[in-house]
Amino acid sequence: ASWSELSPGVSNARFTAIDGVHEGEWRDGLVAVTLRYVPYVSHADDHDFIHNGSPHEVVRVLDVDAVDIMNDGPKRAHHPRRGEGGTNVNYMRVQDGQVHMRTFERGVEAETLSCGTGVVAVALSALSRQEAVSPVPVRTRGGDLRVEAELVDREGWDRIKLIGPAVKVFEGTIRI
């Protein structure tokens, strides 16, 4: 969606991304974007795997700031178990019901300040392990967001919304 389609005064917008149709709406000065149904969260001892439009490995750590993300991230993202294309890797810790996280993003091959589907992945991980309740506050290096989600069929998550600020950071024109 273009900025003008999702600006204050416009109640909602629909747009298509690589994983399908999404909706966005203004809510108390923030944007709430819907994400698709997630049928399950796959649990292992120290990590979870979630596909919510993009694949995410969610790794539990004691201190997200201490993670050597440029060393560990590529190893996990491109491990043979993740197949061709790899996965995004999110490092998280839940503290007092809030998730703190950092993301190594595949394709970028570096840490990003925030990743929308990664924020949703860590929130669903925390919800599925009953470490948080919806809406889940999530702190990234790029800012604070929250995620709403409902458990709908014992392990599937629906009515997922990523909520946070939206600001225009760039405008440009390209001549093709």
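Rules and cut-offs
Residues numbered from 1 in each chain as written. Predicted model: local features only at pLDDT ≥ 70, side-chain atom pairs only at ≥ 80, totals over all residues. Heavy atoms only, no water. Helix = DSSP H or I, 4+ residues; strand = E, 2+ residues; numbered from the N terminus. Rg over C-alpha atoms; globule rule 2.2 N^0.38 Å. Areas by Shrake-Rupley, 256 points an atom, 1.4 Å probe, with all protein chains shown as cover. Lys, Arg positive; Asp, Glu negative; His and termini not counted. Charge placed at Lys NZ, Arg CZ, Asp CG, Glu CD. Salt bridge = Lys/Arg side-chain N within 4 Å of Asp/Glu carboxyl O. Buried < 20%, exposed > 50% of the residue type's maximum accessible area, 1.4 Å probe, protein only. Expected span 1.5 Å × (residues − 1). Polar contact = N/O pair within 3.5 Å; in protein donor to acceptor, adjacent residues only side chain to side chain. Contact = heavy atoms within 4.5 Å. Core = buried A, V, L, I, M, F, W, Y, C linked by side-chain atoms within 4.5 Å. Pairing = 2+ DSSP bridges. Patch = residues over 30% accessible without salt bridge, like charges linked within 9 Å, V, L, I, M, F, W, Y side chains within 5 Å. Arc of directions from axis to C-beta.

(A) Examining the overall build of the chain more closely. On a plain count of helices and strands, the chain comes out with 2 helices and 12 strands. The order of helices and strands in the chain, counted from the N terminus, is β-β-β-β-β-β-α-β-β-β-α-β-β-β. Against the globule reference of 16 Å for 176 residues, the chain gives a C-alpha radius of gyration of 16 Å, in line with a compact fold. The principal-axis extent of the C-alpha atoms belonging to the chain is close to 45 × 40 × 30 Å. A total accessible area of about 9900 Å² is found for the chain, and carbon and sulfur atoms account for 50% of it. Positive and negative side-chain charges in the chain, numbering 20 and 26 respectively, have mean positions lying 1 Å apart.

(B) Spatial organisation of the pattern of salt bridges. Taken as a whole, this structure holds 18 salt bridges when the rule is applied. Residues Glu148 and Arg27 are paired through a salt bridge, measuring 2.6 Å at the closest nitrogen-oxygen approach. With Glu148 in strand 11 (residues 143-151) and Arg27 in strand 2 (residues 20-27), this pair connects stretches of sequence that are 121 residues apart. Across the pair Arg76 and Asp46 runs a salt bridge whose closest N-O atoms are separated by 4.0 Å. With a gap of 30 residues between them, Arg76 in helix 1 (residues 69-77) and Asp46 in the loop between strand 4 (42-43) and strand 5 (47-51) connect regions that are remote in the sequence. Owing to a relative accessible area of 17%, Arg76 belongs among the buried residues under this scheme. Looking at Asp46, the relative accessible area reads 35%, which means it is partly exposed.

(C) Representation of helix 2 (residues 116-128). A rise of 1.5 Å per residue sets the reference length of helix 2, with its 13 residues, at 18 Å; its end C-alpha atoms lie 18 Å apart and thus fit the reference within 8%. Taken residue by residue, helix 2 has Thr117, Gly118, Val119, Val120, Ala121, Val122, Ala123, Leu124, Ser125, Ala126 and Leu127 as its buried positions.

(D) Layout of the side chain of Arg60. Mapped onto the elements of the fold, Arg60 is located in strand 6 (residues 55-60). Among the polar contacts made by the side chain of Arg60, one reaches the side chain of Ser125 at a distance of 2.9 Å. Once residues within four sequence positions are removed from consideration, Arg60 is found in contact with Asp46, Asp48, Met92, Ser125, Ala126, Arg129 and Glu131.

(E) Main features of the nonpolar core. Core analysis: the largest hydrophobic core is formed by 25 residues, its most contacted members being Leu124, Val138, Trp157 and Ile160. The leading source of residues in this core is helix 2, at 8 residues. Those residues within four positions of Val138 in sequence are excluded, and the remaining contacts are Val99, Met101, Val119, Val122, Ala123, Gly143, Asp144, Leu145 and Arg146. Residues Val67, Ala77, Tyr91 and Phe104 belong to the second largest nonpolar core, which totals 7 residues.

(F) Expanded view of the pairing of strand 3 (residues 30-35). As paired strands, strand 2 and strand 3 are joined by 4 bridges and run antiparallel to one another. Across the sheet, Glu25 pairs through a bridge with Ala32, a residue of strand 3. Adjacent in sequence and paired antiparallel, strand 2 and strand 3 are bridged by 2 residues, among which Asp28 carries a positive phi angle near 50°. The sheet contact formed by strand 3 and strand 12 (residues 157-164) spans 5 bridges and is antiparallel. From the neighbouring strand, Val31 faces strand 12, where its bridge partner is Gly164.

(G) Looking closely at a nonpolar patch on the surface. A cluster of nonpolar side chains, Val167, Val169 and Phe170, forms an exposed patch at the surface whose accessible area comes to about 400 Å². With respect to the helices and strands, Val167 occurs in the segment after strand 12.

(H) Structural detail: helix 1. Buried residues of helix 1: Ile69, Gly73, Arg76 and Ala77, and no others. For helix 1, the angular spread of the buried residues around the axis is 95°, confining them to a single face.

(I) Just the pairing of strand 5, in detail. Among the 5 residues of strand 5, 4 are classified as buried, and the element is accordingly described as predominantly covered. In this structure, strand 4 lies alongside strand 5, joined through 2 bridges in antiparallel fashion. The partner of His43 across the bridge, within strand 5, is Asp48. Two successive antiparallel strands, strand 4 and strand 5, enclose a turn made up of 3 residues.

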